[in-house]
Amino acid sequence: MDFLNFLEFKITDIIDIILVAVLLYYIYKLVRGTVAINIFIGIVIVWALWKLTELLEMKMISSMVGGFMNIGLIALIIVFQQEIRKFLLMIGSTNFASKRSFVRHFKFLKQEGRVTNTNIKAILDACQKMSQSKTGAILILERNNSLDFIKSTGDSMNIEVTQPIIESIFYKNSPLHDGAAVIENNYIVATRVILPVSNERTIPLRFGLRHRAAVGITEKTDALALVVSEETGLISYIKNGEFIKYKDIEELTNFIKEDLI
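Scoring rules and cut-offs
Residues numbered from 1 in each chain as written. Predicted model: local features only at pLDDT ≥ 70, side-chain atom pairs only at ≥ 80, totals over all residues. Heavy atoms only, no water. Helix = DSSP H or I, 4+ residues; strand = E, 2+ residues; numbered from the N terminus. Expected span 1.5 Å × (residues − 1). Buried < 20%, exposed > 50% of the residue type's maximum accessible area, 1.4 Å probe, protein only. Contact = heavy atoms within 4.5 Å. Core = buried A, V, L, I, M, F, W, Y, C linked by side-chain atoms within 4.5 Å. Pairing = 2+ DSSP bridges.

**Here's the deal with helix H6 (residues 120-132)**
Then comes step 1: Compared with the 18 Å implied by 1.5 Å per residue over 13 residues, the 18 Å span of H6 between its first and last C-alpha is a close match.
Then comes step 2: Every buried residue of H6 is accounted for by Ile 120, Ala 122, Ile 123, Leu 124, Ala 126, Cys 127, Met 130 and Ser 131.
Then comes step 3: In this structure, the buried side of H6 is in contact with strand S1 (137-141), helix H8 (163-169), strand S3 (180-184), strand S5 (224-228), strand S6 (235-239) and helix H10 (249-260).
Then comes step 4: Directly beyond the C-terminal end of H6, a positive phi value near 55 degrees is found at Lys 134.

**Overview of the side chain of Ser 236**
Then comes step 1: When you line up the elements, Ser 236 lands in strand S6.
Then comes step 2: Residues contacting Ser 236, with those up to four places away along its chain left out, are Phe 207, His 211, Ala 225, Leu 226, Val 227 and Phe 243.

**As for the nonpolar core**
Then comes step 1: Grouped together as the largest cluster of nonpolar side chains are 25 residues, with contacts concentrated most on Ile 123, Leu 139, Ile 166, Phe 170, Leu 226 and Ile 256.
Then comes step 2: Sorting elements by how many residues they give to this core places H6 first, with seven residues.
Then comes step 3: If near-sequence neighbours (up to four positions away) are discounted, Ile 166 is found in contact with Ala 122, Ile 123, Ala 126, Met 130, Leu 139, Val 161 and Ile 188.
Then comes step 4: With 20 residues, the next largest nonpolar core counts Ile 138, Leu 147, Ile 203 and Ile 217 among its residues.

**Notes on the pairing of strand S4 (residues 187-193)**
Then comes step 1: For S4, a buried count of five out of seven residues is recorded, marking the element as mostly surrounded by other parts of the structure.
Then comes step 2: Here four bridges tie S3 to S4, and the two strands are oriented antiparallel to one another. Among the inter-strand pairings, Glu 184 is bridged to a residue of S4, identified as Tyr 187.
Then comes step 3: Taken together, S3 and the strand that follows it, S4, pair antiparallel across an intervening segment of two residues, in which Asn 185 is found at a positive phi of about 55 degrees.

Given below as structure tokens:
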């Protein structure tokens, strides 16, 4: 039966399906937790309906849905501009071709035993100390995407990461405490950095401007953010625009190590 011809798969068809599945998975990861997730699910449903009507040769409904999909392309670019920008940043990163960066995008290929150069212990020890004194702080850990566009908003530095240095930067009377500090590898490369603030409405009201800024930069890039609340002393870990829950500092350390590899 002609109707069942689509069941005759070739190798290229299987590869095509796998590539589409991978693409949809990464798009889902980009929009997960945002308002755009509902729009994304709706698009997938409409697209599936379109292909089903084409398969069943329902020409009228197929042409209507197909027309909607074609015209809606411009609207989709507008709606998903933030997610598209982040996706293109990931693909077009200047470091993407390097072995370490390439492996980081495909974690199942990464080598066992690889470690990060960043002194995570010093960073978290400083965060714990600032947490006890309720000293507000925001630390941005650069990964693949270049953060030059935010580094330029602050003061350029080149200081090796140590616990006392981090604490001194965010000391309340320090001229450098206002804004974020950017860490690249094991060096603080910028302080007093101004970050883009997220407009996401799902962020709980108890979180202030520091947390919104941390969410904003992790929405737009693949950077990681650590925030110490000035009100509660709580240490927040933010990745991909989401707050990552952890049980204790040991688990947080493991999360950061895993994400930096």
